[in-house]
Every structure is written in structure tokens, then in C-alpha cells.
Amino acid sequence: MQLHPHTSRRGTGRLAGLTAALAVVVGLSTLTGPGAHAADNPYERGPAPTESSIEALRGPYAVSQTSVSRLSATGFGGGTIYYPTTTADGTFGAVAISPGYTALESSISWLGPRLASQGFVVFTIDTNTTLDQPGSRGDQLLAALDYLTQRSSVRNRVDSSRLGVMGHSMGGGGSLEAAKTRPSLQAAIPLTPWNLDKTWPELRTPTLIFGADGDSIAPVSSHAEPFYTNLPSSLDRAYLELNNATHFTPNSSDTTIAKYSVSWLKRFIDNDTRYEQFLCPLPRPSLTIEESRGNCPHTS
């Protein structure tokens, strides 16, 4: 008579085993589906990257754009917002980009659709005046991010906790200033940057600095290199010097700039470690890269 309870428990055990096995099968099928990585990291956007996908002129997302008039902007000179058209993937991280001294938004506009198509909301801006210095440009980048997240027509598409800044020349110096002012920024990418301040021990934002070997306006020896060297050694940081390039190389579509900018933004704004492979180990010298420096692997 004592067999029945044991038999019942054994049957229950078999049922539990079948249920567990089924759960494993379902789990495995889920892991192979498109949302598998997203379940681990809710900020991942887009398919698994490849060398060709991050070098492509356009990523996996269709992009729309909207203009922001200078009259409706507060604290900066207006600009253009580029954003993925889909709302199926939830919100996206965002980045604001400033042009350089005497330059207009058009000088950095190529980055808008290129970065947005990889899964970001991108705001390329005009500054209040073309003569604004790096400190002012840093403030304007932050004002643009505030507009983007609080007042813009796409604010509901943006995750306000995942923001970054970029800029060219004095705009690049401005991106360092913005990161200094707002440590909560997730990424900064100065492009052939210019700034009178050479030391940045206060920065807590992962920073990728692009220099150019032929830059005679902001020579790497007195700008990009000391900027990098004087970032905190504990910070996730990188320096990439473009080969056969000038101060104005970032003003035209450039695969090397786009490839590593996408990887940096993905890695630190989206916490997407699938892109770590393109940043670490450091890229080797090539036809487009003079040298690179950085701390690998990244810890943020």
C-alpha cells in the first residue's frame, strides 16, 4: 500500500522532468530568435554586427528627419533630428553633434543619417554663432540634448538616460566640455578637436578621440594627443589617429570615422558588448589608421 504515494511522486517527477525539458527547448528556440540578446540587454538595437554592417553607408534602420528652426531652439542654433522610423524596438539612445569654428551644421550632417540608421536618434546642430568657442559649444550640445529629450517631436523615441555628444574641431573641444559639465553622458567623440584646455581629469564619460596626422589647424601633438593623455587613466578611453587625413576629414563621409563611432556609441550608450570586437584589440595601423591607443578590454 505504500507504493501508491511513491508512484504518485514518481509520476509527478516525470511530469516535472518533461516540463523542464520542454522549457529548455522553448528557451533554446527563444535564444536563437531576434530578441534573444535584447532579453539580456534591453538596450540592444539591431541585428548582430559585422565588419561590413558597421562600414555600410546605411545600417538596418530606415530613417526619417525633422528640422528644428533656430527660432524654436533655446540655447543653440537649431538643427536637424534624424531618427529610426520604427517604434517597434522601443526607445533609442541619442547623440548631439556640433560643427566647428566658422562652420555650419551642413559640415557634419553626413553623420546624421549614417548613425541614425544604426539605431540612434541623432541631432546635428547649428551653433548660436559660427564663432562660438568650445565652452559655449559644450553648453549648446547639452541644450540640444535637453530640447531633444524634453520638447522635440521625437522625445518619446529617446531614452533620456542614454545620451552622448560629438563634435568637430571647436565642436570636438565642446564635446569634452559637455562631458565635463554633465558626467552622466554615456559617450563622447571629439573629431580632430581644438581646445585651449589640455587636461581633462574630471571626465567620467567614455571618450573616443579622433586625430588626423596632417592636421595643421589642431595638430595632434598639441590637441588630440594631450587631450587623450590627460583623461583619467581609469576611464574607458581611446585615441585613433587617421592616416593621410587633415583637420577637415570629418566634414566628409568617412568610413573609418563612422565605423569606430558606431562601435563606440553602441558599446557605451547601448551597453552592447557585441561591438567590443571592433574596438578591442585596438585597430592596427593601416591605409586609413596612423596609430591607435586605448585601454582594452573596456570595463564600463
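Quick caveat: nothing in here was measured; it's all calculated off a predicted structure.

Some words on helix α6 (residues 170–181)
For α6, spanning twelve residues, the distance from its first C-alpha to its last is 16 Å, which sits close to the expected 16 Å at 1.5 Å a residue. Among the twelve residues in α6, ten count as buried, and that is most of the element. The set of residues buried in α6 consists of Met170, Gly171, Gly172, Gly173, Gly174, Ser175, Leu176, Glu177, Ala178 and Ala179. Its buried side turned inward, α6 meets β3 (92–98), α5 (134–150), β5 (158–168), β6 (187–191), β7 (207–212) and α7 (224–229).

Concerning the pattern of salt bridges
In the structure shown here, the tally under the stated rule is twelve salt bridges. In this structure, Glu51 and Lys259 form a salt bridge, with 2.2 Å as the shortest nitrogen-oxygen distance. With Glu51 in helix α3 (residues 51–55) and Lys259 in helix α8 (residues 255–269), this residue pair connects regions lying 208 residues apart in the sequence. The shortest N-O distance in the salt bridge between Lys259 and Glu55 comes to 3.2 Å.

Brief notes about the pairing of β5
In terms of burial, β5 is largely enclosed, as nine of its eleven residues are buried. As paired strands, β3 and β5 are joined by six bridges and run parallel to one another. What sits directly across from Ala96, in β5, is Val165. Note: β5 against β6, five bridges, orientation parallel. Its bridge partner being in β6, His168 is matched across the sheet by Leu191. Regarding topology, α6 serves as the crossover connection from β5 to the parallel β6, and that connection is right-handed.

Focus: α5
Over its 17 residues, α5 extends 24 Å from the first C-alpha to the last, a length consistent with the 24 Å expected when each residue adds 1.5 Å. Among the 17 residues of α5, twelve are classified as buried, and the element is accordingly described as predominantly covered. Among the residues of α5, those classed as buried are Pro134, Arg137, Gly138, Gln140, Leu141, Leu142, Ala143, Ala144, Leu145, Tyr147, Leu148 and Thr149. Structurally, α5 contributes buried residues whose contacts are with β1 (63–68), β2 (79–84), β3, β4 (120–125), β5 and α6.

Regarding the environment of Pro113
Relative to the helices and strands, Pro113 resides in helix α4 (residues 111–116). Each C-alpha atom of the pair Pro113 and Ser64 lies 8.3 Å from the other, and the pair is 49 residues apart in sequence. Not counting residues up to four positions away in its chain, the partners in contact with Pro113 are Arg58, Val63 and Tyr82.

With respect to the side chain of Asn195
Relative to the assigned elements, Asn195 resides in the loop between β6 and β7. There is a polar contact of 2.9 Å between the side chain of Asn195 and the backbone nitrogen of Asp197. For Asn195, the residues in contact, after removing those within four places along its chain, are Pro134, Gly173, Glu177, Trp200, His223 and Phe227.

Points about the packing of aromatic side chains
Using the criterion set out here, one finds eight aromatic pairs in the structure. Arranged with centres 6.5 Å apart and planes meeting at 90°, the rings of Trp200 and Phe227 form a pair that is edge-to-face. With Trp200 in the loop between β6 and β7 and Phe227 in helix α7, this pair connects stretches of sequence that are 27 residues apart. Phe227 sits in the buried class, given a relative accessible area of 0%. Ring centres of Tyr228 and Tyr239 lie 6.1 Å apart, and the angle between their planes is 40°; this geometry places the pair in the tilted category. Placement of the pair is Tyr228 in helix α7 and Tyr239 in strand β8 (residues 237–242), with a sequence separation of eleven residues. Each member of the pair Tyr228 and Tyr239 is classed as buried.

Considering the sheet that holds β5
Pairing within the open sheet is mixed, and its nine strands lie in the order β1-β2-β4-β3-β5-β6-β7-β8-β9. For this open sheet the edge positions go to β1 and β9 (289–294), each flanked by a neighbour on one side alone. Recorded for the sheet is a direction-independent mean angle of 15° between the axes of neighbouring strands. Lying over the sheet, α5 contacts β1, β2, β3, β4 and β5, oriented at roughly 150° with respect to β5. Packed onto the sheet, α8 meets β3, β4, β5, β6, β7, β8 and β9 and runs at close to 160° relative to β6.

Cut-off values and rules
- Residues numbered from 1 in each chain as written.
- Predicted model: local features only at pLDDT ≥ 70, side-chain atom pairs only at ≥ 80, totals over all residues.
- Heavy atoms only, no water.
- Helix = DSSP H or I, 4+ residues; strand = E, 2+ residues; numbered from the N terminus.
- Expected span 1.5 Å × (residues − 1).
- Buried < 20%, exposed > 50% of the residue type's maximum accessible area, 1.4 Å probe, protein only.
- Contact = heavy atoms within 4.5 Å.
- Salt bridge = Lys/Arg side-chain N within 4 Å of Asp/Glu carboxyl O.
- Pairing = 2+ DSSP bridges.
- Right-handed = clockwise from strand over helix to strand, strands pointing away.
- Polar contact = N/O pair within 3.5 Å; in protein donor to acceptor, adjacent residues only side chain to side chain.
- Phe/Tyr/Trp six-rings, centres within 6.5 Å; stacked < 30°, edge-to-face > 60°.
- Axes fitted to C-alpha atoms, helices over the stretch in contact; angles between N-to-C directions.

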